[in-house]
Amino acid sequence: MKYEPIVPREATTESELRGHARHTFDVIAEIKIGWGVWQKARLLDVSSTGFRLGRFPQETQDADIRIRIPGLAPLAAKIRWREDSAVGCQFVNPLSIYVLEHVAEHAAG
């Protein structure tokens, strides 16, 4: 019997490119860039490895930030990309599935 190798297909959708499931919601969180002051930002989605903020007025690629998501202690992250007014960030330490579920449940009300 001859076996054919399985060739993985290219990732095509945004979620496939990200590699982790995202929970989409609209929550006001607080962020702090470096040693700056806490400011409000709209949290649009979150995964175990990162999150997306909407309408973020200032940003520096690879800047160190902290985010306070309602119900959680502040989390460290880095800004990784900007698209239009949205900013994508990567957690320094990925969230556990339990923390991610807690965030999703809290956001759902």
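Everything below is about the structure shown above.
In this text the structure is predicted, and so the values were computed from the model without any measurement.

Draft legend 1. Quick look at the overall build of the protein. Helix and strand counts for the protein stand at two helices and six strands. When the helices and strands of the protein are read in sequence order from the N terminus, they spell out α-β-β-β-β-β-β-α. Residue burial in the protein is summarised as follows: out of 109 residues, 29% are buried. Sequence-distant contacts in the protein: of pairs separated by 6 or more residues, those separated by 24 or more amount to 47%. Summed over its atoms, the accessible surface of the protein is roughly 7,500 Å², and 54% of this surface lies on carbon and sulfur atoms.

Draft legend 2. Main features of the sheet that holds strand β6 (residues 86-91). Taken together, the six strands give a closed barrel; going around it, the order is β1-β2-β3-β6-β5-β4, and neighbouring strands pair in antiparallel fashion. This sheet shows a mean twist of 45 degrees between the axes of neighbouring strands, independent of strand direction. Two elements, strand β5 (residues 75-83) and β6, share six bridges in a ladder whose sense is antiparallel. Paired with Ile79 across the bridge in β6 is Cys89.

Draft legend 3. Inspection of the pattern of salt bridges at higher detail. With the rule as written, the count across this model stands at five salt bridges. With a closest N to O distance of 3.9 Å, Lys40 and Glu30 form a salt bridge. In this pair, Lys40 sits in strand β2 (residues 39-46) while Glu30 sits in strand β1 (residues 23-33), placing the two residues ten residues apart along the sequence. A relative accessible area of 63% places Lys40 in the exposed class. Here Lys78 makes a salt bridge to Asp64, at a shortest N to O gap of 2.5 Å. One end of the pair, Lys78, is in strand β5; the other, Asp64, is in strand β4 (residues 64-68), with 14 residues separating them in the sequence. Given a relative accessible area of 26%, Lys78 falls into the partly exposed group. Put simply, Glu30, Lys40 and Arg68 are held in one network by salt bridges that share partners.

Draft legend 4. Fine view of the packing of aromatic side chains. The tally for this structure, following the rule as stated, stands at one aromatic pair. Cation over ring: Arg68 sits above Trp38, and NZ or CZ is 3.7 Å from the ring centre.

Draft legend 5. Examining the nonpolar core more closely. Within the largest apolar cluster, 24 residues are counted, with the highest numbers of intra-cluster contacts made by Leu43, Phe51, Leu53 and Ile67. Of all the secondary structure elements, the ones that give two or more residues to this core are β1, β2, β3 (50-54), β4, β5, β6 and α2 (97-108). For this core, the leading source of residues is β1, giving five residues. Once residues lying within four places of it in the same chain are set aside, the contact partners of Leu53 are Ile31, Ala41, Arg42, Leu43, Leu44, Ile67, Ser85, Ala86, Val87 and Cys89.

Draft legend 6. Up close: the environment of Arg55. Among the structural elements, Arg55 can be located in the loop between β3 and β4. Here Arg55 falls in the exposed class, since its relative accessible area comes to 73%. Along the backbone, Arg55 and Ser85 are 30 residues apart, and their C-alpha atoms lie at a distance of 4.7 Å.

Definitions and cut-offs
- Residues numbered from 1 in each chain as written.
- Predicted model: local features only at pLDDT ≥ 70, side-chain atom pairs only at ≥ 80, totals over all residues.
- Heavy atoms only, no water.
- Helix = DSSP H or I, 4+ residues; strand = E, 2+ residues; numbered from the N terminus.
- Buried < 20%, exposed > 50% of the residue type's maximum accessible area, 1.4 Å probe, protein only.
- Contact = heavy atoms within 4.5 Å.
- Areas by Shrake-Rupley, 256 points an atom, 1.4 Å probe, with all protein chains shown as cover.
- Pairing = 2+ DSSP bridges.
- Axes fitted to C-alpha atoms, helices over the stretch in contact; angles between N-to-C directions.
- Salt bridge = Lys/Arg side-chain N within 4 Å of Asp/Glu carboxyl O.
- Phe/Tyr/Trp six-rings, centres within 6.5 Å; stacked < 30°, edge-to-face > 60°.
- Lys NZ or Arg CZ within 6 Å of the ring centre and 35° of its normal.
- Core = buried A, V, L, I, M, F, W, Y, C linked by side-chain atoms within 4.5 Å.

Take it as geometry only, folks, not as evidence of what the structure does.
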